[in-house]
Amino acid sequence: MHRIVYVSTANDLSEDDLAELLAEATAHNARDNVTGFLLYNGNNFLQLIEGEADRIGQLMARIEVDERHSGVVRLIDEEAADRCAPGWAMQQVAMNASPDLRLDGLLTVLPKLDPATAKLVRNFVMLN
Ligand SMILES: Cc1cc2nc3c(=O)[nH]c(=O)nc-3n(C[C@H](O)[C@H](O)[C@H](O)COP(=O)(O)O)c2cc1C
């Protein structure tokens, strides 16, 4: 099992662009047994992806050249025993919901992340 968490900067995406991206990601991930979540605050993405190492490597190579965003920086790139987000083909957290509601959505995964990453995700969710 391999896990990557990265941040990036979005390139002018409309609501429709974002919906299309999520639909594509969710369908591919269900097929490839990839799980995770995608946070978008209007400017930046923070995404967690996890799954079989080769699949994650291939996915990350596609994501890094995707022109819908740029400046991809990996925060975590590690082998892991278990998934943090086993049920999520690609969970989106609605950033137009209140900060408390946004956090509620992530409470099941935060305790499974190491404390520093959990804090980073928490801060990202609270900002916008
Ligand atoms: C922020 C962001 C997150 C993405 N997340 C995923 C993802 O989780 N799974 C996925 O298959 N594609 C994701 N994509 C899309 C890929 O970059 C790529 O377009 C898609 O996998 C299709 O690639 P293909 O046309 O080469 O098959 C994401 C793109 C962006 C910009």
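The shown structure was predicted, so the numbers you read here are calculated from the model rather than taken from an experiment. (Residues numbered from 1 in each chain as written. Predicted model: local features only at pLDDT ≥ 70, side-chain atom pairs only at ≥ 80, totals over all residues. Heavy atoms only, no water.)

1. Focus: the side chain of Thr35
Rules: Starting at the N terminus, helices and strands are each numbered in turn, a helix being any DSSP run of H or I of at least four residues and a strand any DSSP run of E of at least two. Here a polar contact is recorded for every N or O atom pair within 3.5 Å, except that within protein the pair must consist of a potential hydrogen donor and a potential acceptor, and residues adjacent in sequence are included only if both atoms are side-chain atoms.
Considering the arrangement of structural elements, one finds Thr35 in strand 2 (residues 35-40). At a separation of 2.8 Å, a polar atom in the side chain of Thr35 contacts the side chain of Arg83. Looking at Thr35, its side chain comes within polar contact range of the main-chain oxygen of Ala85, at 3.5 Å.

2. Topic: the pairing of strand 2
Spelled out, the test is: Working definition: with a 1.4 Å probe on protein chains only, accessible area under 20% of the residue-type maximum means buried, over 50% means exposed, and in between means partly exposed. Here, a strand pair is defined by DSSP locating no fewer than two bridges between the strands.
Most of strand 2 is tucked away: six of the six residues are buried. Residues Thr35, Phe37 and Leu39 line one face of strand 2 and the alternating positions Gly36, Leu38 and Tyr40 line the opposite face, and both faces are buried. Of the pairings in the sheet, the one linking strand 2 to strand 3 (residues 44-51) comprises six bridges and is antiparallel in character. By the bridge assignment for strand 3, Gly36 is matched with Ile49. Between strand 2 and the antiparallel strand that follows it, strand 3, lie three residues; Gly42 among them carries a positive phi value of about 100°. Looking at chain direction, strand 2 and strand 5 (residues 91-92) are connected through two bridges and run parallel.

3. Notes on the confidence of the model for the chain
So the rule is basically this: Confidence of the prediction at every residue is given by pLDDT, a number between 0 and 100.
On average, residues of the chain carry a pLDDT of 91, and 99% of them reach 70 or more. Summarising per-element confidence for the chain, the mean pLDDT is lowest in strand 5 (82) and highest in helix 2 (residues 53-64) (98).

4. Thoughts on the packing of aromatic side chains
For the record, the criterion: Between 30 and 60 degrees the pair is tilted, below 30 it is stacked and above 60 it is edge-to-face, where a pair is any two Phe, Tyr or Trp rings, Trp via its six-membered ring, whose centres lie within 6.5 Å.
Summed over the entire model, instances satisfying the criterion amount to two aromatic pairs. Note on Phe37 and Trp88: the rings are 6.4 Å apart at their centroids and 80° apart in plane angle, and the pair reads as edge-to-face. In this pair, Phe37 sits in strand 2 while Trp88 sits in the loop between strand 4 (69-79) and strand 5, placing the two residues 51 residues apart along the sequence.

5. Description of the sheet that holds strand 5
Ordered in space as 4-1-3-2-5, the five strands form an open sheet in which the pairing is mixed. The open sheet has two edge strands with one neighbour each: strand 4 and strand 5.

6. As for the packing of helix 3 (residues 99-106) against helix 4 (residues 115-126)
Packed helices, taken two at a time, are described by their axes: the angle between them and the distance between them. Which entries qualify depends on this criterion: Lines fitted to the C-alpha atoms define the axes, with helices restricted to the stretch that makes contact. Angles between their N-to-C directions range from 0 to 180 degrees. Left-handed describes a crossing in which the near helix is turned anticlockwise from the far one by less than a right angle; the clockwise case is right-handed. The criterion used for residue contact is that any of the two residues' heavy atoms lie within 4.5 Å. Polar here means any residue outside two lists: the nonpolar Ala, Val, Leu, Ile, Met, Phe, Trp, Tyr, Cys and Pro, and the charged Asp, Glu, Lys and Arg; Gly therefore counts as polar.
Their axes nearest at 9 Å, the elements helix 3 and helix 4 cross at an angle of 145°. Judged by the sense of rotation from one axis to the other, the crossing of helix 3 with helix 4 is right-handed. In this structure, helix 3 contributes Pro99, Arg102, Leu103 and Leu106 to the contact, and helix 4 contributes Val121, Arg122, Val125 and Met126. Residue composition of the contact of helix 3 with helix 4, grouped by class: six nonpolar, no polar and two charged.

7. Side note on the nonpolar core
The line we're drawing: Put simply, a nonpolar core is a bunch of buried Ala, Val, Leu, Ile, Met, Phe, Trp, Tyr and Cys residues held in one set by side-chain atoms that sit within 4.5 Å of each other.
The biggest cluster of nonpolar side chains holds 19 residues, and the ones touching the most others in it are Phe37, Leu39, Leu46, Leu106, Leu110, Leu113 and Val121. When residues of this core are traced back to their parent elements, those giving at least two are strand 2, strand 3, helix 3 and helix 4. At four residues, the largest contribution of residues to this core is made by helix 4. Those residues within four positions of Leu46 in sequence are excluded, and the remaining contacts are Val5, Tyr6, Val7, Phe37, Leu38, Leu39, Leu120, Val121 and Phe124.

8. Remarks on the site of the ligand
Defined as follows: Definition of nearness: a residue and a molecule or strand are near each other if at least one heavy atom of the residue lies within 4 Å of the molecule or strand. Per-residue and other accessible areas were derived by the Shrake-Rupley procedure at a 1.4 Å probe size, with only the shown protein chains allowed to occlude residues.
Around the ligand there are 15 residues in total, and His28, Asn29, Gln47, Arg62 and Asp66 lie nearest to it. In this structure, Glu24 approaches the ligand through a side-chain N or O atom, which is 3.5 Å from an oxygen atom. The contact in question runs from an oxygen atom of the ligand to an N or O atom on the side chain of Asp66, over 2.6 Å. Look at the ligand: alone it shows 620 Å² of surface, and the protein chains cover 80% of it. In terms of residue class, the shell around the ligand is built from seven nonpolar, four polar and four charged.

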